[in-house]
Amino acid sequence: MGKECVTIVINDIRNYKWFIITGLIAVLLTIPFWASNYTVSIFLLIFMYLALAQMWNLLAGYAGLVSLGQQMFIGLGGYTLAVLTELYRAPLWSSILIGGVISLIFALIISAPIFRMREAYFTIGTWLVAEALKIFFSNWGYVRYGQGFFITAAYQLTTTHMYYMAMVIGLGSVAVVYIILRSRLGLGLMAIRDNETAAESMGVEVFKAKLICFLIGAFVTSIAGSIFYLYQVFIQPYAAFGIDWTVAMVFIVIIGGIGTIEGPLAGVVIYVLLRQYLYNYAGISMLVLGLIAIVLIHVAPKGFIGTLQEKLGFEFLSPRRR
Amino acid sequence: MENVLIVENLTIAFGQLLAVNSLSIEVREGEILGIIGPNGSGKTTLLNGISGLYKPKSGSVIFKDIDITDFSPSRRCRLGIGRTYQVPRTFEKMTVYENVLVGGVYGASLSEKKARYKVYEILELTGLLHKKDLFAGSLALLDRKRLEVARALATNPQLLLLDEVAAGLTEAEVNEVLRIVKYIKESGVTIIWIEHILRTMMEAADRVLCIASGKKLICGNPKEVLAAEEVQEVYLGVEEG
Ligand SMILES: Nc1ncnc2c1ncn2[C@@H]1O[C@H](COP(=O)(O)OP(=O)(O)O)[C@@H](O)[C@H]1O
Ligand SMILES: [Mg+2]
């Protein structure tokens, strides 16, 4: 009886999927008009971390690329924005976009050596590149060493502006992953996720698929990073190239459910809310987040959504083919 | 008849161990070449050398007059070499239909739309059609083996490498596999079939190659090979020892 009810509800949700999505987006669009500033800023953070987590999930959850160096693209995006607007008075939009392109080119350059490294070596390799950038930037006079920049061009933006920018990159990242997964590339990625060797021997060009994901990840992560620093107004190398960024992405994806589109959606809400509540306990907040992750990995290793999908056999944003 | 595949003095090493030791074979167009040999004799390793999973220490692999020794597994597949795995490596979180679709879209370079017909045909042939929307992870062994064959077929191979597709199955299931393999052969695909169960091989193979310790022992028509003294020796020696 109970199970039947669940099935009926699930079928309803499935039939009205696009209706529900449109409705949700409409509601999200109105939030700045009626919600408190605090609520708006929470949503803003959710959107920004959502973009970061979706990209990390694309890499780690599908392409088998466990990177601990995604902060390199956040730093590059943030710094390009800061340098172009502060030193050259360049327009905001083009600065953000150029940051994305620089990250993409940087990703392409480092991919040659770094893709030769396998598994744990790749993971450590990406982290080392990010650390090297951090040290380089804090010793580079042109970007004012470790002192950093105030991004004064951001003063003209209201929280509402910021909210919509974050919304575009957040929901945009979900759309990008969804479209990828429904495409030819996505079919190959799911095969790589499940068994890389078998995928390769069935004609999937594993290297090419991974590289495309790495580049897309670099671009979107960079844009999200720029938007974050537009919001924060102040950038310094130690934070911008810090591993905390990727730790957050890992946490969100693992607790939500790796290798699913919906996982990061659930994970990001949990993460941002938890962080807000733990804000006053700065010292132990990492500890609490870590504990939660460890407990969850033992109780439900597939994460929130992964476990739910297994129990109910339901995927909301399904990339399934028939 | 023309040779589809020529393996020349192939040697594949794991450290000191020469799992395949200067082995040469020729596979003729349209035939089923059976490969037998005791466990650990290098059958799977030879197949991995042909499909590109392992790089050889020396020797070469020539497919349709092209030297493919340095080609990636993915490229070899797109050229027309399909394979199955002894221990199934199906895509567990994808449906049966999607598993086969990967072969059609990537191995055979078809659009998803065009691959669809082919995939349905293959699912029908391999008896998986009614399970097409199940996750591969939920299948029993026989169905996994069927799926291995179905996926490989979808890549549109000219040469199909089968690694112990009948092992671990019941008598009836083995006959089912035999039917499928014969059908594939009829459609013009050349097949290399590794099998431990001799009877199955006898019924289908045109020629049989027996290897031991990575070396060719004897190659010829099935009856001859099975009757050969050296074959009896390695098999009985290992099996009953
Ligand atoms: N990846 C590997 N690493 C090390 N040794 C291996 C590997 N694969 C196979 N071998 C060894 O090579 C030999 C041949 O193995 P295999 O080709 O699997 O035999 P068969 O398929 O005939 O049973 C065995 O001794 C096995 O232990
Ligand atoms: Mg074997």
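In this report, the structure presented in the accompanying data block is examined. Here the structure is a predicted model, which means the values were calculated and not measured. (Residues numbered from 1 in each chain as written. Chains lettered and ligands numbered in written order. Predicted model: local features only at pLDDT ≥ 70, side-chain atom pairs only at ≥ 80, totals over all residues. Heavy atoms only, no water.)

1. With respect to the sheet that holds strand E3 (residues 32–36) of chain B
Residues and elements named next belong to chain B.
Okay, step 1: With respect to topology, 6 strands assemble into an open sheet ordered E6-E7-E8-E3-E9-E10, the strand pairing being mixed. Two strands lie at the open edges of the sheet, namely strand E6 (81–83) and strand E10 (215–220), each paired on one side alone. On average, each strand axis in the sheet is tilted by 20° relative to the strand beside it, whichever way the strands run.
Okay, step 2: Pairing between strand E7 (residues 159–163) and strand E8 (residues 190–194): 5 bridges, direction parallel. Residue pairing across strands places Asp163 opposite Ile194, the latter belonging to E8.
Okay, step 3: Sheet strands touched by helix H1 (residues 43–51): E3, E6, E7, E8 and strand E9 (207–212). Its angle to E7, the strand with the most contacts, is close to 150°. (Pairing = 2+ DSSP bridges. Helix = DSSP H or I, 4+ residues; strand = E, 2+ residues; numbered from the N terminus. Axes fitted to C-alpha atoms, helices over the stretch in contact; angles between N-to-C directions. Contact = heavy atoms within 4.5 Å.)

2. Here's the deal with the packing of helix H8 (residues 184–194) of chain A against helix H3 (residues 96–107) of chain B
Okay, step 1: Running from amino to carboxyl end, H8 of chain A crosses H3 of chain B at an angle of 125°, the nearest separation of the two axes being 10 Å. The pairing of H8 of chain A with H3 of chain B is recorded here as oblique in orientation. Pair H8 of chain A / H3 of chain B crosses with left-handed handedness. Along the contact surface, H8 of chain A presents Arg184, Leu185, Leu187, Gly188 and Ala191 of chain A, while H3 of chain B presents Glu98, Leu101, Val102, Val105 and Tyr106 of chain B. (Parallel < 35°, antiparallel > 145°, perpendicular 65-115°, else oblique. Left-handed = near helix turned anticlockwise from the far one by under 90°.)

3. A few points about the coordination of the magnesium ion (ligand 2)
Residues and elements named next belong to chain B.
Okay, step 1: Within the protein, Thr44 (OG1) and Gln86 (OE1) serve as the donor atoms for the magnesium ion (ligand 2), at 2.0 to 2.2 Å. On the criterion of sequence distance, the pair formed by Thr44 in helix H1 and Gln86 in the loop between E6 and H3 is long-range, its members being 42 residues apart.
Okay, step 2: For Gln86, a relative accessible area of 31% puts it in the partly exposed group. (Donors = N, O, S within 2.8 Å, 3.2 Å for Na, K, Ca; no water. Buried < 20%, exposed > 50% of the residue type's maximum accessible area, 1.4 Å probe, protein only.)

4. Some words on the interface of chain A and chain B
Okay, step 1: Listed per partner, the contact involves 24 residues of chain A and 30 residues of chain B.
Okay, step 2: Here chain A meets chain B over a buried area of about 2400 Å², counting both sides, of which 59% is carbon and sulfur.
Okay, step 3: Of all residues in chain A, Leu187, Met202 and Arg322 of chain A give up the largest surface area on contact with chain B, accounting jointly for 29% of the area buried on that side.
Okay, step 4: Remark: the boundary between chain A and chain B carries 4 salt bridges.
Okay, step 5: As a salt-bridge pair, Asp133 of chain B and Arg322 of chain A come within 3.2 Å of each other at their nearest N and O atoms.
Okay, step 6: Applying the counting criterion to the chain A and chain B interface returns 17 residue pairs in polar contact (both at pLDDT 80 or more).
Okay, step 7: Of all the elements in the fold, those that place two or more residues in the side of chain A that touches chain B are H8 and helix H9 (196–201) of chain A.
Okay, step 8: Counting residues per element, the side of chain A that touches chain B draws most heavily on H8 of chain A, at 8 residues. (Buried area = accessible area lost by both parts, 1.4 Å probe. Salt bridge = Lys/Arg side-chain N within 4 Å of Asp/Glu carboxyl O. Polar contact = N/O pair within 3.5 Å; in protein donor to acceptor, adjacent residues only side chain to side chain.)

5. What to know about the pattern of salt bridges
Residue and element names in this part refer to chain B.
Okay, step 1: A full pass over the atoms with the stated rule returns 19 salt bridges over all chains.
Okay, step 2: Between Glu148 and Arg151 there is a salt bridge, and its shortest N-O distance comes to 3.3 Å. Note that Glu148 and Arg151 are positioned in helix H5 (residues 141–154) at a spacing of 3 residues, about one turn of the helix. As far as burial versus exposure is concerned, Glu148 and Arg151 are alike and both buried.

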